[in-house]
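Residues per chain are reported as follows:
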Amino acid sequence: GKYSRKVLKLKRNVVELFLMAVDGGHRDGGCDWDGRWNHVTKFLERPGPFTHPDFEPSTESLQFLLETCTVLVIGAGGLGCELLKDLALSGFRLIHVVDMDTIDLSNLNRQFLFRPKDVGRPKAEVAADFINSRIPGCKVVPHFKKIQDFDDSFYRQFHIIVCGLDSIIARRWMNGMLISLLSYEDGVLDPSSIIPLIDGGTEGFKGNARVVLPGMTACIDCTLELYPPQINFPMCTIASMPRLPEHCIEYARILQWPKDKPFGETSLDGDNPEHIQWVFERAQERAAQFNITGVTYRLTQGVVKRIIPAVASTNAVIAAACATEVFKIATSAYIPLNNYLVFNDVDGLYTYTFEAERKENCSACSQVPQDLQFPSSAKLQDVLEYLTENASLQMKSPAITTTLEGKNKTLYLQSVKSIEERTRPNLCKTLKELGLSDGQELAVADVTTPQTVLFKLNFTT
Amino acid sequence: MAATKASKEQKYDRQLRLWGDHGQESLESAHVCLINATATGTEILKNLVLPGIGAFTIVDGHTVSGEDVGNNLNLIFWVLMVDPLDFNRAQAATELLQELNSDVSGNFVEESPNKLLDNNPEFFNRFTIVIGVQLPESTCLRLDSVLWSASVPFLVCKSYGLIGYMRLVVQEHSVIESHPDNALEDLRLNQPFAELKNHIQSYDLDSMDKKDHSHTPWIIIVAKHLERWLSEHNLQPPKNYKEKEAFRQFIREGIRKKENGVPEDEENFEEAIKNVNTALNPTKIPSTVEDLFNSEECNDVTSQTPSFWVMLRAVKEFALNEGNGSLPVRGTIPDMIADSQKFINLQNVYREKAMQDAAAVSKHVECLLQSIGKYIANRRCRCLGKNSSFLRVVRCRSLAEEYSVDTVNKDEITSSMDNPDSEMVFYLMLRSVDRFYQQHSRYPGKAKVYTALSLINVRLCIHPLCYDDCRYGAAEPHTVAAFLGGSAAQEAIKIISHQFVPFNNTFIYNAMSQTSATLQL
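Since we're looking at a predicted model, the values are computed, not measured.

Asker: What's the story with the overall build of chain A in this structure? I'm lost.
Answerer: When its secondary structure is counted, chain A shows 13 helices and 16 strands. Residues counted as buried form 55% of the 461 residues belonging to chain A. Long-range pairs, those at least 24 residues apart, make up 61% of the contacts in chain A between residues at least 6 apart in sequence. Of the roughly 19900 Å² of accessible surface on chain A, 51% is carried by carbon and sulfur atoms.

This is the structure we're talking about:
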């Protein structure tokens, strides 16, 4: 052909990369790896071969993977099932899995470690059983628990943590936990205290996979703006100006259920078909009043449970990308993803890979106390709103405490009813009235982080 | 019976929200053929069995010996007993994949595809789609020829180490429901249809009371201000940034003021200002649809014409007649601040117009069908009107065209090679490795790569240091197989359901850099 005349100059490393790529999958290597391909980075100076700059991936790194490397998988759902399989079939043998949920029928279109007979059983346990009985030598340890049930001593034992969560709050908590494990000597980060966090997320035909090296790369909170806050319909729309079928459903769920108490004192359970049916019927009635069409049982369930559509394929892709990163980091044979991959297969297949940047004043990983700029005449309510509405903070129900006259004082706390009632009047008081001064440190606790976040008050007037 | 239907709805709930009951029906009527139950093959099929395809057939003549089982972890996963006796890969894979979903029926044929083509060339014609995994070049080309003539879509997949490859071969694939991510609204504000004009006319912003004024939909607000603007600007709508800014300011001046001159809090006006760009989008037929209108199939409708083109022609006829140069009105509007009645009334104006237009399109369909003596199930026409802006046709070249020296896509290859990071390099490598295999019945060691590359007549300047002697073969690491498994399965679902748009026509995934590229070869 004509094009054969053209001499194509290829960079040497591209050819070598291909050769490495094709050869890299072999378990027993049999190949003399050139030392320069080992991208050993200091943070991997953990028990194992990473201390040696010239280590040989064909022998020691694979050995590490098979015999020593302990991985934690968070979530045993759509991503979790895929992750467990991927890791087990890549040679990992010491795996823990945490999941607080039980199996539902609607999981079975993608969470393939489960069968109809398993409905109702804990996901972590069934998943572990399946893998352990299928892959000889693989030991998956299940934990039917919330991630918050464990403390730092649990998380410290892992070399790598990979998340397949469906909650941003949980992700941020995990992120905060790993940041809290970092140790600094004379202001310098000790690389051996870093536990890499691989995080995957999917929604319909979209997904993303990212690599977080706590203290080194962008963390989950550094890029919080990538997760736009969940939109809830305004109450006045729901209460008096519905336009969409969703508004009618929310009316039944938020206003009518607490008022009518159709099943006594029981709170609305999205998994109870009777509850959904009740909400569906009330929503239909309301819709009829306003000539709104489109209220269906499926929509009702979707709104009440905040259902996100899901298929097997997207979960398979994202989990595979995450597992590839776990493999790369564990064997130290390739440069890990740096550091964010986006995937979308609605129209063809689209991927975009970029380096998310650390935020200088990130509330989770920057170690600097967060600045709070308010006039002394601002009310505590204003501070609370800022903490929840600011795109970089997005706290859920922050509890604010401070030290006044040498004593710890709770300014406002929502999660305990008695304390909420006692501290509620503080919301209407100004910062000055509460006795706070310029430069005062406020400690804020929230579900989005395992450690309190320190804020520094800066009076603007 | 009712119990099974209800539990199926529950089981598939999360995916029904993506492709609907009709999409699920098309899946359940599909029969997928997988050639070669390798790690990649079983991963692809798993992601088709789980969502409930009707049936699958695995064609695989490979017998796996005890030695191989140890290396092929994927088979260990899918095989209950790890018994080092010879077993047929097709049968083992079928049993285990079947077990994932009792709604699916699985079959296997212990035969190589070449043998099947020799003895029964029409074997593959029965399938909705054929997926070929880790197939040598010659087998791919044979299948390409047979499936192309039979109009059966063919998806070729390969994993080589950390590289994944997919190639879609389909002559013509039409999509009505493409579900685009970011579709422009169809508001018709630059050319309001009669009913919309009348509805806008029924509003008199100045005489409204405070409550009504601040709960008027932004569409009305923009329309009213646009009317005034047009009369003052020689019927020219705001076009550039400066004019649009002026228009926004003009709307802002429409906000009622309190006695002290401070503007009221009118969120609907703020919404109008924010949505000026959206509102001023001209109504026009997208170029993708124009191209379809101009194609031969659309203009030359006969009894052989596939249904899609008959329907497309009907849309074109509508555009030329009732539509006055525009497509049928879509009928949806975004939510906006307004009281219920105003919003619902406005929404109904668009909805009723959409129904009218859809009925007109249906009439054109009927006329066309009558003239050519054909029948189309009504269901297919129903979503035509509201999807008319999103109609897509994907045409992929055959493998024969890609591989032939006369029709190889040189331009795409050479222009991609200008970019040193392009995944095109891996495409060339895969082709050369395949060609080497073709001639030597094994994969090349490192030292032979240069030879392999010469087989496809690509001369390279390579640093001599790359010639270490090292054995390697077509390794299939699980995570790459799994990535391809998800990707390929979804493309197959797109082909089967005719929803969402398939890729065209080559996809390469690089697990080392976590990048990918779609090439048209």
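Asker: Please clarify how the confidence of the model for chain B should be interpreted in this entry.
Answerer: When pLDDT is low, close inspection of the predicted coordinates is not appropriate. Residue and element names in this part refer to chain B. On average, residues of chain B score 88 in pLDDT, and 88% of them reach the 70 mark or higher. Across residues 79–84 the pLDDT falls below 50, and counting only partners more than four positions away or on other chains, this stretch makes 8 contacts in the model. Here residues 455–473 is modelled with pLDDT under 50, and outside its nearest four sequence neighbours on either side it reaches 57 contacts, counting other chains as well. If you check the scores for this complex, the pTM reads 0.89 and the ipTM reads 0.93.

Asker: What's the story with the UniProt feature "active site" (unreviewed entry) in chain A in this structure? I'm lost.
Answerer: Residues and elements named next belong to chain A. Those residues carrying the UniProt feature "active site" (unreviewed entry) are C236 in this numbering. One can find C236 in helix α7 (residues 235–240). By relative accessible area, which is 47% here, C236 ends up partly exposed.

Asker: Would you mind going over unusual backbone geometry with me for this structure?
Answerer: At the junction of N338 of chain A and N339 of chain A, the peptide bond is cis and its omega measures out at -5° in the coordinates. Its location among the elements puts N339 of chain A in the loop between α11 (312–331) and β10 (340–344). Here the residue pair N504 of chain B and N505 of chain B is connected by a cis peptide bond, since its omega of -10° sits within 30 degrees of zero. Relative to the assigned elements, N505 of chain B resides in the loop between α24 (478–497) and β12 (506–510).

Asker: How do you make sense of the environment of F269 of chain B when you look at a structure like this?
Answerer: All names here are of chain B. Here F269 is to be found in helix α13 (residues 267–274). On the basis of relative accessible area, F269 is assigned to the buried category, the value being 0%. In this structure the C-alpha to C-alpha distance between F269 and K494, which are 225 residues apart in sequence, comes to 42 Å. Leave out the neighbours within four places in its chain, and F269 touches H213, I221, H225, I251, G254 and I255.

Asker: Please clarify how the packing of helix α9 (residues 273–289) of chain A against helix α10 (residues 297–304) of chain A should be interpreted in this entry.
Answerer: A packed helix pair is summarised by two numbers, namely the angle formed by the two axes and the spacing between the axes. Residues and elements named next belong to chain A. Packing of α9 against α10 leaves a shortest axis separation of 9 Å and a crossing angle of 110°. The pairing of α9 with α10 is recorded here as roughly perpendicular in orientation. Packed against α9, whose contacting residues are P273, I276, Q277, V279 and F280, the element α10 presents Y297, T300, Q301 and V304 at the interface. The residue makeup of the contact of α9 with α10, split by class, is 6 nonpolar, 3 polar and no charged.

Asker: Which parts of the structure should I look at to understand the pairing of strand β7 (residues 154–160) of chain B?
Answerer: Within a regular strand, the side chains alternate between the two sheet faces. Residue and element names in this part refer to chain B. Of all 7 residues in β7, 7 are buried; the element is thus mostly enclosed. Along β7, one buried face is formed by F154, V156, K158 and Y160 and the opposite face, lined by L155, C157 and S159, is buried too. The pairing of strand β6 (residues 129–133) with β7 spans 4 bridges and is parallel. Its bridge partner lying in β7, G132 is registered against V156.

Asker: Can you help me understand the pattern of salt bridges in this one?
Answerer: Scanning all chains against the criterion turns up 48 salt bridges over all chains. With a shortest N-O distance of 3.7 Å, D149 of chain A and K146 of chain A are connected by a salt bridge. For D149 of chain A, a relative accessible area of 42% corresponds to the partly exposed category. Judged by relative accessible area, K146 of chain A falls into the partly exposed class, the value being 39%. The partner of E28 of chain B in a salt bridge is K8 of chain B, with the nearest N and O atoms 3.1 Å apart. Residue E28 of chain B is located in helix α2 (residues 13–28), and its partner K8 of chain B is located in helix α1 (residues 2–11); the two are separated by 20 residues in the primary sequence. Residue class for E28 of chain B comes out partly exposed when judged on its relative accessible area of 28%.

Asker: Hey, could you run me through the sheet that holds strand β2 (residues 55–59) of chain B in this one?
Answerer: Two orientations exist for strands paired in a sheet by backbone hydrogen bonds: parallel and antiparallel. Residues and elements named next belong to chain B. Here 8 strands make up an open sheet; going across it, the order is β5-β2-β1-β6-β7-β8-β12-β13 and the pairing mixed. Each edge of the open sheet carries a strand with a single partner, namely β5 (105–109) and β13 (515–519). Mean inter-strand twist for the sheet, computed between neighbouring axes without regard to direction, equals 15°.

Asker: Explain the packing of aromatic side chains here, please?
Answerer: Aromatic rings in a pair are described by how distant their centres are and how their planes are angled relative to each other. For the structure shown, the criterion picks out 21 aromatic pairs over all chains. Judged by centre distance (6.3 Å) and plane angle (80°), the ring pair of F150 of chain A and Y155 of chain A falls under edge-to-face. Look at F124 of chain B and F127 of chain B: their rings are 6.3 Å apart centre to centre, the planes differ by 50°, and that puts the pair in the tilted class. On the basis of relative accessibility, which here comes to 5%, the residue F127 of chain B falls in the buried class. Three or more aromatic residues joined by ring pairs form one cluster here, namely F150, F154, Y155, F158 and W173 of chain A. R286 of chain A extends its terminal NZ or CZ atom over the ring of Y251 of chain A, reaching a point 3.5 Å from the ring centre. Looking at K46 of chain B, its charged tip hangs above the ring of F112 of chain A, at a distance of 4.9 Å from the centre.

Conventions adopted
- Residues numbered from 1 in each chain as written.
- Chains lettered and ligands numbered in written order.
- Predicted model: local features only at pLDDT ≥ 70, side-chain atom pairs only at ≥ 80, totals over all residues.
- Heavy atoms only, no water.
- Helix = DSSP H or I, 4+ residues; strand = E, 2+ residues; numbered from the N terminus.
- Buried < 20%, exposed > 50% of the residue type's maximum accessible area, 1.4 Å probe, protein only.
- Contact = heavy atoms within 4.5 Å.
- Areas by Shrake-Rupley, 256 points an atom, 1.4 Å probe, with all protein chains shown as cover.
- pLDDT = per-residue confidence, 0-100.
- UniProt positions renumbered as here; feature names shortened; annotations may be inferred.
- Axes fitted to C-alpha atoms, helices over the stretch in contact; angles between N-to-C directions.
- Parallel < 35°, antiparallel > 145°, perpendicular 65-115°, else oblique.
- Nonpolar A, V, L, I, M, F, W, Y, C, P; charged D, E, K, R; others polar.
- Pairing = 2+ DSSP bridges.
- Salt bridge = Lys/Arg side-chain N within 4 Å of Asp/Glu carboxyl O.
- Phe/Tyr/Trp six-rings, centres within 6.5 Å; stacked < 30°, edge-to-face > 60°.
- Lys NZ or Arg CZ within 6 Å of the ring centre and 35° of its normal.

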